[in-house]
Amino acid sequence: AVAIPDTLSGLPVNGIASYAFYNISNLNGVTFGTNVTSIGDSAFASCTSLTNVALPKNVTSIGAGVFEDSDSLTAITVDPLNLTYSSADGVLFNKSQTTLIEYPGGKAGSYTVPDSVTNIGRSAFTVCHGLPGIPRGPNVAVIGDFAFSVCTSLTAVTLGTNVTSLGQYAFYGCTHLASVTIPDK
């Protein structure tokens with residue numbers, strides 16, 4: 001486990017760089033210091049022993065794919081006093097829950113996207129091997145780049161009728177995907 005300190009050599013530790021802890025397979029926990037406000041892209045990606053993460057109230061910026069390919073991660077929680085982010089059922093959202101930011105890769109079973117969500121963020125479900133089907137959300141309009149990439153359990157996808165934008169490489173590396181149905185919109 002790693003504890004991000006409040007200060008280092010007398011200076012506040014206010015950010016975690018992109019790829020800072022990338023691919024540290026034995027990292028099983030992280031505690032964030034009270035000064036941390038930003039976490040870079042893929043900062044904890046491929047940390048295959050990481051099981052849950054609790055984000056503090058001061059975090060205001062989270063990069064794409066911050067926990068992607070962390071296949072033991074079952075829950076991401078956010079301090080309720082955080083003004084920028086929130087979580088529900090272990091899934092990371094923006095505060096108003098209109099954007100699904102990251103789904104934990106080790107979360108098992110089917111999932112229904114909340115009605116409030118209109119945007120599936122970049123890399124939100126990347127490398128979720130246990131995802132049996134594309135999560136449905138009646139109001140999802142935008143699916144970001146790489147949103148479902150390398151979800152090897154996906155075999156067929158039917159996009160909702162409200163989807164108007166499908167990002168680049170949204171289903172890249174979905175090796176068992178045999179069909180995709182796209183609405184007329």
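In this report, the structure presented in the accompanying data block is examined. Everything numeric in this text was worked out from a predicted model, so none of it was measured.

Time to look at the packing of aromatic side chains. Scanning the entire structure with this criterion turns up ten aromatic pairs. With a centroid separation of 4.9 Å and an interplanar angle of 10 degrees, the aromatic rings of phenylalanine 125 and phenylalanine 148 are classed as stacked. With phenylalanine 125 in the loop between strand 13 (119-120) and strand 14 (142-143) and phenylalanine 148 in the loop between strand 14 and strand 15 (156-158), the pair connects residues that are 23 residues apart, well separated along the chain. Residue class for phenylalanine 125 comes out buried when judged on its relative accessible area of 0%.

This part takes up the sheet that holds strand 14. Pairing is mixed in the open sheet, where six strands are placed in the order 10-11-12-13-14-16. With one partner strand each, in any of the chains shown, strand 10 (85-88) and strand 16 (165-166) form the two edges of the open sheet. In the sheet, strand 13 pairs with strand 14 via two bridges, with the strands oriented parallel. Of the residues in strand 14, the one forming a bridge with isoleucine 120 is isoleucine 143.

All right, on to the sheet that holds strand 4 (residues 15-16) then. Spatial strand order, 4-6-8: three strands in an open sheet with parallel pairing. Only two strands of the sheet have a single partner each, and these edge strands are strand 4 and strand 8 (61-62). Sheet analysis places strand 4 next to strand 6 (residues 38-39), joined by two bridges and oriented parallel. Bridging from a neighbouring strand, isoleucine 16 pairs with isoleucine 39 of strand 6.

Another point: the pattern of salt bridges. Close approach of charged atoms allows side chains of opposite charge to pair. All told, the structure shown has two salt bridges when counted by the stated rule. A salt bridge links lysine 107 to aspartate 89; the shortest N-O distance between them is 3.5 Å. Taken together, the positions of lysine 107 in the loop between strand 12 (99-102) and strand 13 and aspartate 89 in the loop between strand 10 and strand 11 (91-94) put the pair 18 residues apart, joining distant regions of the chain. Using a relative accessible area of 57% as the deciding quantity, one classes aspartate 89 as exposed. The partner of arginine 122 in a salt bridge is aspartate 145, and the shortest N-O contact between them spans 3.4 Å. Taken as a pair, arginine 122 in the loop between strand 13 and strand 14 and aspartate 145 in the loop between strand 14 and strand 15 lie far apart in primary sequence, 23 residues in all. Residue aspartate 145 is classed as partly exposed on the basis of its relative accessible area of 26%.

Cut-offs applied
- Residues numbered from 1 in each chain as written.
- Predicted model: local features only at pLDDT ≥ 70, side-chain atom pairs only at ≥ 80, totals over all residues.
- Heavy atoms only, no water.
- Phe/Tyr/Trp six-rings, centres within 6.5 Å; stacked < 30°, edge-to-face > 60°.
- Helix = DSSP H or I, 4+ residues; strand = E, 2+ residues; numbered from the N terminus.
- Buried < 20%, exposed > 50% of the residue type's maximum accessible area, 1.4 Å probe, protein only.
- Pairing = 2+ DSSP bridges.
- Salt bridge = Lys/Arg side-chain N within 4 Å of Asp/Glu carboxyl O.

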